[in-house]
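Listed here are the chains, written in short residue letters.
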Amino acid sequence: MLTRRFAWLGLPIVILTAVLLIGTYRYVVLFNLQSSVEGVAASMAQIFANTLWKDYQPLVDRSAAMSADEIRADPLTRGVNQEVSKITAGTRVLKVKIYSLTGITLYSSDPKQIGGDYSKNPHFLIALGGGVASNLSRRDRFESIHGPRSDVVVLESYVPAHSPSEDSKVIAVMEIYTDVTELEGNILGRLEVLGAMLVIAILLVAAFGVQLLVLRRAESRLHQEHMQRLKITADYAVEHEANRAKSAFLANMSHELRTPLNAIIGFSEVLQTETFGPIGQKRYIEYATDINMAGYHLLHVIDEVLDLSKIEAGKVDLNLSTIDPTGVIAAALDMLGPDSERHGVEIQRALTATIPVMETDEGKLRQIVLNLVSNSLKYTKPGGSVTVSTEVDTDLSATQITISDTGVGMSKDELALAMTPFGRIDSAMSYTRGGTGLGLPLTKSFVDLLGGSFQIDSVPGVGTTVSIQLPIITAS
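If you're wondering where the values come from, they're calculated on a predicted model, not measured in any experiment.

### Section: the overall build of the chain
So, step 1. Counting secondary structure elements, the chain contains 16 helices and 12 strands.
So, step 2. The buried share of the chain, taken over its 476 residues, is 42%.
So, step 3. Of the contacts formed within the chain by residues at least 6 apart in sequence, a portion of 66% connects residues at least 24 apart.
So, step 4. When the accessible surface of the chain is split by element, carbon and sulfur atoms take 58% of a total near 25100 Å².

Here it is, written out as structure tokens:
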């Protein structure tokens, strides 16, 4: 009798637990679905900014003085409508709207909405500030780009379109309507998962495992759709302008890679610092530290790849200023002090104090020194040294920077490989010290951008010497 009472008392607890878990399951599923679709919408907005904005800009500039009817009748509006139809063909996108920075609807695949004022819309204001805002709703009828739709679940995503030349600058706000009916049904319609949670409370963790599998399938479908959209855009760009397609691809990949990486790094730091309370197991904190270090390493790799791609595309801008090169070099060597101690390699300085000030890009000069010296530290055994010296070549009116080490050195074939993007020498130190194989090619590209010359000599078992000459140009 007592056991039966405990069973009846336990039943409401089990049911309540299952109901709460089902509610959590639904929330997590919809949150992940919304985040994934928002990422695709943000990618489309950046593709628009990099491929169509240049042609669409004139209409934006004069739209403030135009009526809604004039905007609808403008040839540029019709041209954008044709391109949007091409880009969205075969995707789940139902409608696209473009807002000016003042909140006026400059374009909509539903022409009746052109000219509407959304300046007070809270979702628009979030996107205007660089964020992403969405609203999930079920529609009995929806007028889409390719015709009317009935009984659909629509995710409205307000996303910023950033300037191709200045990533932090928002040039427009786009509202992209995506059909998520099938995706929502596939995820939330798993009755066997929900039933298992309701009937067998002790298998709730296993049910979450099934949930993750379902989410993975949904994300895989979204990834396939995203790749299909990239292919459509790439085909369009090849037909019209290959260079603009490459810029769009780079901007998109930068966004797609940095967004999840920032989340990984941020949440790993939360775990490291136990922000919301102790974790309990020290090993988990160590794992979080490993994740954090790997995230920062991958972010560095992405930055190097993007830097090289920008150089190849001729998209790198120089920020010229009058600087003291000796001070810049000394500051860069100070930054490498911890690396020097960790590798057990001494950095020796022979910096000439009489080098005149020069007009160049301070950031690029600092990066050149950091890349070369850190590379020497990496491939020099403990007890060795790296010497950094400077002098003025009066005949050439140039500053010469020489970096020599007592490291492992390279043969001619290995040197040729090291100067090739992603080329890595097959040696024991390469595997233990890591690297992307981009340091030397990037450095040479930076030297070329600054109008200098780059020379490298290396002998296996003796060491490597890199000589750089930068022209002494003073501000007129």
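We are not done yet, so read on.
### Some remarks on a nonpolar patch on the surface
So, step 1. On the surface, Leu271, Ile279, Tyr284 and Tyr287 cluster together into a nonpolar patch covering about 380 Å² of accessible area.
So, step 2. Along the chain, Tyr287 falls in helix H10 (residues 282-312).
So, step 3. Assessed through its relative accessible area of 43%, Tyr287 is described here as partly exposed.

### Observations regarding the sheet that holds strand E3 (residues 133-144)
So, step 1. What the five strands build is an open sheet, ordered E2-E1-E5-E4-E3; its pairing is antiparallel. If you trace the sheet from one side to the other, it starts and ends with strand E2 (105-108) and E3, each paired once. Neighbour to neighbour, the strand axes of the sheet diverge by 25° on average, direction disregarded.
So, step 2. Where strand E4 (residues 147-162) meets strand E5 (residues 170-179), nine bridges bridge the pair, whose relative direction is antiparallel. Across the sheet, residue Val159 finds its bridge partner in E5, namely Met174.

### Notes on the pairing of E4
Here is the key point about a regular strand: its side chains alternate between the two faces of the sheet.
So, step 1. One ladder, built from 11 bridges, connects E3 with E4; its direction is antiparallel. Across the sheet, residue Glu143 finds its bridge partner in E4, namely Pro148.
So, step 2. Counting the residues that bridge the hairpin from E3 to E4 gives two residues.

Calculation criteria
Residues numbered from 1 in each chain as written. Predicted model: local features only at pLDDT ≥ 70, side-chain atom pairs only at ≥ 80, totals over all residues. Heavy atoms only, no water. Helix = DSSP H or I, 4+ residues; strand = E, 2+ residues; numbered from the N terminus. Buried < 20%, exposed > 50% of the residue type's maximum accessible area, 1.4 Å probe, protein only. Contact = heavy atoms within 4.5 Å. Areas by Shrake-Rupley, 256 points an atom, 1.4 Å probe, with all protein chains shown as cover. Patch = residues over 30% accessible without salt bridge, like charges linked within 9 Å, V, L, I, M, F, W, Y side chains within 5 Å. Salt bridge = Lys/Arg side-chain N within 4 Å of Asp/Glu carboxyl O. Pairing = 2+ DSSP bridges. Axes fitted to C-alpha atoms, helices over the stretch in contact; angles between N-to-C directions.

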